[in-house]
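Residue strings, one per chain:
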Amino acid sequence: MTDTREEPDALYERLRAFEGRAAATEGVGKDLVNEPMIRHWCEAMGDTNPAYTGSGAIAPPTMLQAWTMGGLSGHTDRSPAYEELFGLLDGAGYTSVVATDCEQEYLRPLRPGDRITFDAVIESVSARKTTRIGTGYFVTTRMDVRAEGELAGTHRFRILKYAPPARKPESPRGDRRLRPRPVINRDNAGFWQGVAEHRLLIQRCGACGVLRFPWLPGCNACGGREWDTVEASGEGTVFSHVVMHHPPFPAFGTSPEGGPYAVALIELAEGVRMVSNVVGVPYDKVRTGMPVRLEFLRTDPDLELPVFRGGEG
Ligand code: ZN
């Protein structure tokens, strides 16, 4: 594979210059080390160690990072050096990121009432590495956590900043000249099977007999989960419609660029309504109440869709 990015060693030299620079400074824990957070942590972890309860309790050492977290209301900002390092990697094509591992070291127990402060440094940047997910650089950040100003532990956090794999060629599904594919799942597979056989199937509740469309696992009227189907006669009327102008979409449009097209809500003779297209009538001649009749339109070699042909006049 030809690599046209910046010559790797030159980039590495620039990245290494960030080693030792601050990643975060003067962080302060949002709360003092406290018993409620310790209790919740132990409950969540199922940790019943008696060292974490009662008088003289200490916090579980693995809570180290928890005391530094910003919570939902905000995180400590990255330092300018960290932003610059990420900018350099992004600019060189290493735009993806994945956290790989963390390591902690515990130097002093944390006790309820301790005030937490912390700062972080960009400890190391690896040489360029190729991994199974891509090629890039490991960046290790070391956070020093202090309690009452005394070093209590370190938290090392490593990420891989890597170049995403080359994009696969555009698939037919991404071709805007073709209609987007329907999402077929176990709840609607019967409908699409019917379409393939040129039958428009409506679900009928096995408990109360109410017809429903689109297909759903249960009945909106009674909650019943048993159902069978009835085949629509194909007769219907335009209940409502809109004309789409933007965004242009060649697969739907009335011109190769994707000119305007009518989207109609069709009321079937059986009483249920479905969204579809009206064909055989210019988009600006579709009218509410217009009688329409079901037909099947082949939109690409693998797909047919139910559409409705407008009546004359
Ligand atoms: Zn029902």
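Note that the structure is predicted; figures quoted are calculated from it, not measured.

### Thoughts on the sheet that holds strand β10 (residues 235-244)
The strand order β10-β11-β12-β14-β13 describes a closed barrel built from 5 strands, whose pairing is mixed. Adjacent strand axes in the sheet meet at a mean angle of 50°, parallel and antiparallel pairs treated alike. As defined by bridge partners, β10 adjoins strand β11 (residues 261-268) across 8 bridges and the pair is classed as antiparallel. When the sheet's bridge partners are listed, Val 242 is paired in β11 with Val 263. Each of β13 (291-300) and β14 (303-310) is contacted by helix α4 (residues 189-196), which is oriented at about 70° to β14, the strand it contacts most.

### Some thoughts on the domain arrangement of the protein chain
Its domain assignment divides the protein chain into domain 1 (8-163) and domain 2 (184-310). Computed over C-alpha atoms, the centres of domain 1 and domain 2 are 54 Å apart.

### As for helix α3 (residues 80-91)
Along an α-helix, residues three or four positions apart point the same way, because every turn accommodates 3.6 residues. Relative to the 16 Å expected for 12 residues at 1.5 Å per residue, α3 spans 16 Å between its end C-alpha atoms, a close match to the ideal helical length. Considered for burial, the residues of α3 that qualify are Ala 81, Tyr 82, Leu 85, Phe 86, Leu 88 and Leu 89. Along the long axis of α3, the arc covered by the buried residues comes to 155°, so they all point the same way. Facing away from the buried side of α3, by more than 90 degrees, are the exposed residues Pro 80 and Gly 91.

### Quick notes on the coordination of the zinc ion
Within the first shell, the zinc ion binds the protein through Cys 205 (SG), Cys 208 (SG), Cys 219 (SG) and Cys 222 (SG), at distances of 2.2 to 2.4 Å. Coordination geometry of the zinc ion: the 4 donor atoms subtend angles of 101 to 114° at the metal centre, consistent with an arrangement described as tetrahedral. Mapped onto the sequence, the donors of the zinc ion take the spacing C-x2-C-x10-C-x2-C. Residue classification places Cys 222 among the partly exposed residues on the basis of a relative accessible area of 41%.

### Regarding the side chain of His 155
Its location among the elements puts His 155 in strand β6 (residues 150-162). One polar contact links His 155 to Gln 65, side chain to side chain, over a distance of 3.5 Å. A polar contact of 2.9 Å, which involves the side chain of His 155, links it to the side chain of Gln 104. Excluding anything up to four places from it in sequence, His 155 contacts Leu 64, Gln 65, Cys 102, Glu 103, Gln 104, Thr 141, Arg 142 and Met 143.

### Concerning helix α2 (residues 35-45)
The N-cap of α2, judged by a side-chain oxygen 2.9 Å from the amide nitrogen of Met 37 a few residues on, is Asn 34. Note on α2: the residue one or two positions beyond its end, Gly 46, has a positive phi of about 70°.

### Digging into the packing of aromatic side chains
For the coordinates displayed, the defined rule picks out 9 aromatic pairs. Ring geometry for Phe 252 versus Tyr 261: centroids 5.4 Å apart, planes at 20°, classification stacked. Since its relative accessible area comes to 12%, Tyr 261 is described here as buried. Taken together, the aromatic side chains of Phe 191, Trp 192, Phe 213, Trp 215 and Trp 227 make up a single cluster linked through ring pairs. Directly above the aromatic system of Phe 239 lies the positively charged group of Arg 273, at a separation of 3.5 Å from the ring centroid.

### Re the nonpolar core
Inside soluble globular proteins, nonpolar side chains tend to come together where they are buried. Counting residues in each nonpolar core, the largest one holds 37 residues, and the members touching the most others are Leu 15, Ile 38, Trp 67, Leu 110, Ile 116, Ile 122 and Tyr 137. Contributing elements (two or more residues each) for this core: α1 (8-16), β1 (22-28), α2, α3, β3 (116-125), β5 (135-147) and β6. Residue contributions to this core peak at 6 residues, all from α3. Core analysis: the next-biggest nonpolar cluster, separate from the first, contains 27 residues, Val 195, Ile 202, Met 274 and Met 290 among them.

What counts, and where the lines are drawn
- Residues numbered from 1 in each chain as written.
- Predicted model: local features only at pLDDT ≥ 70, side-chain atom pairs only at ≥ 80, totals over all residues.
- Heavy atoms only, no water.
- Pairing = 2+ DSSP bridges.
- Helix = DSSP H or I, 4+ residues; strand = E, 2+ residues; numbered from the N terminus.
- Axes fitted to C-alpha atoms, helices over the stretch in contact; angles between N-to-C directions.
- Contact = heavy atoms within 4.5 Å.
- Domains from an automatic or database assignment.
- Expected span 1.5 Å × (residues − 1).
- Buried < 20%, exposed > 50% of the residue type's maximum accessible area, 1.4 Å probe, protein only.
- Arc of directions from axis to C-beta.
- Donors = N, O, S within 2.8 Å, 3.2 Å for Na, K, Ca; no water.
- Tetrahedral: all angles 85-135°; square planar, octahedral: opposite > 155°, others 65-115°.
- Polar contact = N/O pair within 3.5 Å; in protein donor to acceptor, adjacent residues only side chain to side chain.
- Phe/Tyr/Trp six-rings, centres within 6.5 Å; stacked < 30°, edge-to-face > 60°.
- Lys NZ or Arg CZ within 6 Å of the ring centre and 35° of its normal.
- Core = buried A, V, L, I, M, F, W, Y, C linked by side-chain atoms within 4.5 Å.

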